[in-house]
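Observations on the model geometry
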Amino acid sequence: MQLVTYRASVEAEARLGAIINDLVLDLARFGETRGVNLPSTMLEFIDLGPTAVSAVTALISSAKGVFPIGSAVPLSNVKLLAPIPRPRKNIFGIGLNYTEHVAESAKSLDTSAELPRQPVIFSKPPTSVIGPDEPILHNAEITKQLDWEVELAAIIGTRAKGVSRDKALNYVFGYTVCIDMSARDCRRAGQWIYSKGQDSFCPMGPVVVTADEIPDPQTLDLWLTVNGVEKQRSNTAFMLFKVDELIADISKGITLEPGDIIATGTPAGVGAGRDPQEWVWPGDTIIACVEGIGTLRHPVVAA
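These lines cover the structure that appears in this document, whether it is placed above or below. Remember, it's a predicted structure, so these values are computed and weren't measured experimentally. (Residues numbered from 1 in each chain as written. Predicted model: local features only at pLDDT ≥ 70, side-chain atom pairs only at ≥ 80, totals over all residues. Heavy atoms only, no water.)

1. Overview of the packing of aromatic side chains
- Per the counting criterion, the structure on display carries 3 aromatic pairs.
- Ring centres 5.8 Å apart and planes at 85° place the aromatic pair Phe30 and Phe67 in the edge-to-face group. Taken together, the positions of Phe30 in helix H1 (residues 27–33) and Phe67 in the loop between helix H3 (52–62) and strand S4 (72–74) put the pair 37 residues apart, joining distant regions of the chain.
- Seen from their ring centres, Phe45 and Phe173 are 6.0 Å apart, and the 75° between their planes marks the pair as edge-to-face. With a gap of 128 residues between them, Phe45 in helix H2 (residues 42–47) and Phe173 in strand S12 (residues 172–179) connect regions that are remote in the sequence.
- For Phe45, a relative accessible area of 1% gives the class buried.
- The buried category is assigned to Phe173, whose relative accessible area is 7%.
- Across from the ring centre of Tyr194, 3.9 Å away, lies the NZ or CZ of Arg188, which sits over that ring. (Phe/Tyr/Trp six-rings, centres within 6.5 Å; stacked < 30°, edge-to-face > 60°. Helix = DSSP H or I, 4+ residues; strand = E, 2+ residues; numbered from the N terminus. Buried < 20%, exposed > 50% of the residue type's maximum accessible area, 1.4 Å probe, protein only. Lys NZ or Arg CZ within 6 Å of the ring centre and 35° of its normal.)

2. Considerations on the sheet that holds strand S15 (residues 221–226)
- One open sheet holds the 5 strands; their spatial order is S9-S19-S18-S15-S16, and the pairing between them is mixed. With partners counted over all chains shown, the strands left at the sheet margins are strand S9 (136–138) and strand S16 (229–235), one partner each. Here the average twist between neighbouring strands, direction ignored, is 15°.
- One ladder, built from 6 bridges, connects strand S18 (residues 285–290) with strand S19 (residues 294–302); its direction is antiparallel. If you follow Thr285 over to S19, its bridge partner there is Pro299. (Pairing = 2+ DSSP bridges. Axes fitted to C-alpha atoms, helices over the stretch in contact; angles between N-to-C directions.)

All quantities given are derived from atomic positions and should not be read as evidence of function.
Listed below in structure tokens is the structure:
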């Protein structure tokens with residue numbers, strides 16, 4: 001199932017929907033027509049637990065493509081927001097999680113050329129999240145080195161504490177696309193949160209694909225372009241630490257809760273690793289895609 005947070009008009013509230021062909025089915029309104037109380041937000045839906053996806057999928061299937069008036073609107077008529085517009089906690093970011101990205105970072109950034117022995121974890125605050133087509137802000141007073149990173153993001157569906165790797169994927173609700181924007185000249189004493197956590201630095205969406213539709217998250221192509229020129233292309237198979245390893249590692253010391261988001265790292269091809277280095281500026285357009293999930297498009301504008 002493909003789930004979205006959408007707004008039907010500028011003034012309308014953000015609501016939870018499921019994409020069915022070219023329609024957005026409002027789950028709460030559809031549930032009312034079936035005598036079922038369904039939530040109107042993504043976080044509330046995730047909170048229902050692991051059986052909710054299969055139950056709602058069956059409920060939608062029972063409609064056989066015929067939805068009551070007022071419960072579905074054309075996808076082209078709505079504004080998609082970030083699937084979780086305001087996460088409850090910081091997003092977990094994973095640095096240096098593709099071999100070639102480790103090498104390119106060591107050439108130009110203050111990182112080691114040795115492969116990490118454990119996941120490198122940082123965070124991005126909820127205020128960094130923006131939805132599809134929203135502008136990425138370039139603040140020239142803060143940065144002259146704004147960089148791009150396409151990533152697969154995993155969304156936790158069940159409270160996870162000290163889980164084993166072989167069971168870790170059972171705790172995933174779904175997956176989405178994330179762009180980890182990074183102001184390379186804003187790193188402070190090796191700390192990354194100010195570099196990566198500024199407003200608009202976590203574009204996310206356009207949908208959440210539930211985990212039942214992506215049984216193996218390590219088989220997905222991902223790519224990114226700037227102004228139509230391809231900068232990154234790889235496959236999640238090349239992660240140093242796979243999604244299940246990341247969940248197992250983080251949950252050893254930090255309880256993962258429903259709605260928590262893990263951005264799993266980026267492949268090679270970032271601007272900092274190029275010769276000469278490349279950065280994005282107001283007027284540029286970034287497009288990022290993860291296979292089987294969708295595509296994000298964002299203009300860069302002056303803050």
